[in-house]
Amino acid sequence: MADTGKSTSGHNLSVWAEQDDIIKSSVPPAYPSLQGNIETDVLVVGGGIAGLHIAYELLSTGIPKVILVEDGKIGSGETGRTSGHLSADNEYNEFLSLHGLANTAIVAESQQAAINHIGEIVNKHGIACGYERVPGFMFPGPPMSEAKEYKKDIGILQQVWSAASETKKLDIEMVEDAEIPGFNSGRTIRYNNQAVFHPTKYLKGLASVITNELGGKIYEDTHMNTYEELAGPNGRIKAVMSNGSTVTAAHLVMATNVPLQKLELIDRLEPFRTYCIALKIANDKLSTSGKPALWWDLGDPYHYVRSTEHREKGYSLLIVGGEDAKVGQHNDMDERCARLEKWTRERWTGAGEVEYKWSGQVWDTLDGLALIGKNPGTKNVYVHTGDNGDGLTYGAIGGLILTDLILGRHNAWASAYDPGRQFSVSHLKRAIKTLPSYIQENLHDQMYYAKWVTRCRKTMSDIEDLVPGEGDVVRDGVHPTAVYKDPQGQIHKMTAVCPHMKGIVAWNKDEKTFDCPIHGSRFTCKGDVINGPAKGNLTNHLDIVTEA
């Protein structure tokens, strides 16, 4: 259940990774790495659900040449570390106040359409990924016995219900129970026509459709370092890979969680780690109907739950996620997973042993909506980022929106997700409401280097105490140094300064990565970049250069 190296974005394998060989380090890449210089109509960067959907939609509309590059393997990023929900649940009460009814209706319509569209793709191409329609239940966080807190959540639940109903885009109903055996959840919103699937098997199938049926090209182990828009009326783009290969394209789409984009867009994103556990449970203990479902609560922190088949007949795995924490500022996965387990056992009393633990990364935006569209200030460069934990549905939404934009067609959803959208008065009110925590977090970011210099007492001599397979950040004089002792006892040293904005990375003992608390860049235990916005690796010397 664990993996090292760059074949996944974390040491702990998710249930999907364990069940599907495509992202295990022992399995060779399915697609070659890019070598040489080539031209194409559209270059898509990123081999997760967003990038693959974008490539699929472009090729399906008749664009003849589409190339997709992925710096790991298809499925090795964050899509394979999700819980596999396909849902249109949202805090529609907040969306209504922030974005108005028209845009809130777009969110509801587009996310439900994404669930339907993925089902259509699965059926059309016969992708074996366990796609199944299920209901979803949104219920109060506290149990009914906690009267005051429960009453507060019931009020919020009613607000969500009213706002969601007002959109007239969702099949929902208010029911009296969330169908959890032996647990009285109280009033619950039931979302009909939601879905579940096996995310990495879906990616594997979609990649096969792109290359074998639609004529697209996929290159793995290919990292894009930089791009430039060339002079001329057509605005063609030249992208340079880390091995020196180049791709010249009419359009560039970056679907890489955090694309190479302007700092002002990056500052509208906040990275979080989210945690998942999977517990064995008998099928008759899963729901009162005996059928799979989705569940979400309104707690703080909130929780999200689904099931998937267990290898043992008559049993399922109950997948429970939540307990989000800001990247690089916490190192307590065991405690967070323990809280997930406690919360689960209080509701699913028939749950058995925990068989999997893992974490993933999500990027939230200030106004709660993804950034999908043209990168501001460019002619033919597009971005897909800021999925706010809804990356599976947003991946399908992004494919439809960006294909229309590239083809010059009108898309009714595009304005709601436009990366260049301006904040309204409501957004400013929300920003003011959260101003104290925002200031605190950003002061933490800006002062992180100074705090590290004054407080870090670990020096190079302390690395001898490292256990094989562990890492840390120490001082070499005044230089912050990231060190990792591999299982053979060899020490790997590199600068601990993130090449993006000089943040000092922190060792993530659970996923065996170095994570930057400033903008969420992450690196393998040997310094290879996993997540942007950092463009390059942690170098093995101390000549620190800040990226432009």
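Residues numbered from 1 in each chain as written. Predicted model: local features only at pLDDT ≥ 70, side-chain atom pairs only at ≥ 80, totals over all residues. Heavy atoms only, no water.

## Things to note about the overall build of the protein
Regarding its fold elements, the protein presents 12 helices and 24 strands. For the protein, restricting intrachain contacts to residue pairs at least 6 apart in sequence, the fraction spanning at least 24 positions comes to 68%. (Helix = DSSP H or I, 4+ residues; strand = E, 2+ residues; numbered from the N terminus. Contact = heavy atoms within 4.5 Å.)

## Description of the packing of helix H3 (residues 92-125) against helix H4 (residues 147-167)
Axis separation between H3 and H4 bottoms out at 9 Å; the angle between their running directions is 30 degrees. It follows that H3 is roughly parallel to H4 by the angle criterion. The hand of the H3/H4 crossing is right-handed. Taken together, the residues of H4 that come into contact with H3 (itself represented by Tyr92, Asn93, Leu96, Leu101, Thr104, Ala105 and Ala108) are Ile156, Gln159, Val160, Ala163, Ala164, Glu166 and Thr167. Considering only residue class, the contact of H3 with H4 consists of 9 nonpolar, 4 polar and 1 charged. (Axes fitted to C-alpha atoms, helices over the stretch in contact; angles between N-to-C directions. Parallel < 35°, antiparallel > 145°, perpendicular 65-115°, else oblique. Left-handed = near helix turned anticlockwise from the far one by under 90°. Nonpolar A, V, L, I, M, F, W, Y, C, P; charged D, E, K, R; others polar.)

## Comments concerning the confidence of the model for the protein
For the protein, the average pLDDT comes to 85, and 85% of its residues sit at 70 or higher. Within the protein, the lowest mean pLDDT, 46, falls on helix H11 (residues 435-446), and the highest, 98, falls on strand S2 (residues 66-69). This stretch, residues 1-6, has a pLDDT under 50; its non-local contacts, to residues over four places away or in other chains, come to 20 contacts. When the criterion is pLDDT under 50, residues 541-548 qualifies, and its contacts beyond four places in sequence or with other chains add up to 21 contacts. (pLDDT = per-residue confidence, 0-100.)

## Brief notes about the nonpolar core
Core analysis: the largest hydrophobic core is formed by 79 residues, its most contacted members being Tyr92, Tyr202 and Tyr417. Top contributing element to this core by residue count: H3, with 10 residues. Excluding residues within four positions of it along the chain, tyrosine 92 makes contact with Thr104, Val107, Ala108, Gln111, Val160, Ala163, Ala164, Leu170 and Tyr191. (Core = buried A, V, L, I, M, F, W, Y, C linked by side-chain atoms within 4.5 Å. Buried < 20%, exposed > 50% of the residue type's maximum accessible area, 1.4 Å probe, protein only.)

## Considering the pattern of salt bridges
Using the criterion set out here, one finds 19 salt bridges in the structure. Among the salt bridges present, the one from glutamate 312 reaches lysine 280, with a minimum N-O distance of 2.7 Å. Residue glutamate 312 is located in the loop between strand S13 (303-309) and strand S14 (315-326), and its partner lysine 280 is located in strand S11 (residues 269-282); the two are separated by 32 residues in the primary sequence. In this structure, the salt-bridge partner of arginine 339 is glutamate 323, at a minimum N-O distance of 3.1 Å. Here the residue arginine 339 occupies a position in helix H7 (residues 333-347), and glutamate 323 occupies one in strand S14, the gap between them amounting to 16 residues. Shared partners join several salt bridges into a network, and the residues in it are Glu323, Asp332, Arg336 and Arg339. (Salt bridge = Lys/Arg side-chain N within 4 Å of Asp/Glu carboxyl O.)

## Some details on the packing of aromatic side chains
Each aromatic ring pair is described using two quantities: the centre-to-centre distance and the angle formed by the ring planes. Enumeration according to the criterion identifies 11 aromatic pairs in this entry. Here the aromatic rings of tyrosine 92 and phenylalanine 95 are separated by 6.3 Å at their centres, their planes lie at 85 degrees, and the arrangement is edge-to-face. Taken together, the positions of tyrosine 92 and phenylalanine 95, both in helix H3 and 3 residues apart, correspond to about one turn of that helix. We note that tyrosine 92, like phenylalanine 95, is buried. Seen in terms of ring centroids, tyrosine 302 and tyrosine 304 are 5.7 Å apart; in terms of plane orientation they differ by 40 degrees. Their pairing is tilted. Assessed through its relative accessible area of 10%, tyrosine 304 is described here as buried. Taken together, Phe137, Phe139, Trp295, Trp343 and Trp348 form an aromatic cluster joined through their ring pairs. (Phe/Tyr/Trp six-rings, centres within 6.5 Å; stacked < 30°, edge-to-face > 60°.)

## Quick look at the environment of glycine 182
By the secondary structure assignment, glycine 182 is in the loop between strand S5 (172-175) and strand S6 (188-196). Relative accessible area serves as the criterion here: at 83%, glycine 182 is assigned to the exposed category. For the pair glycine 182 and threonine 288, spaced 106 residues apart in the sequence, the C-alpha separation amounts to 8.6 Å.

## Structural notes on the pairing of strand S9 (residues 237-241)
The alternating pattern of S9 places Ile237, Ala239 and Met241 on a buried face, while none of Lys238 and Val240, on the opposite face, is buried. In the sheet, strand S8 (residues 224-229) pairs with S9 via 5 bridges, with the strands oriented antiparallel. Its bridge partner lying in S9, methionine 224 is registered against methionine 241. Strand direction decides the pairing type here: S9 and strand S10 (residues 246-254), joined by 4 bridges, are antiparallel. (Pairing = 2+ DSSP bridges.)

## Overview of the sheet that holds strand S23 (residues 522-524)
Adjacent strands of a sheet pair through backbone hydrogen bonds, lying either parallel or antiparallel. Pairing is antiparallel across the open sheet formed by 4 strands, whose spatial order is S21-S22-S23-S24. Each of the sheet's edge strands pairs with one partner strand only, and the pair in question is strand S21 (506-508) and strand S24 (529-531). For this sheet, the mean inter-axis angle between neighbouring strands, taken without regard to orientation, is 35 degrees. Looking at chain direction, S23 and S24 are connected through 2 bridges and run antiparallel. From the neighbouring strand, arginine 522 faces S24, where its bridge partner is asparagine 531.

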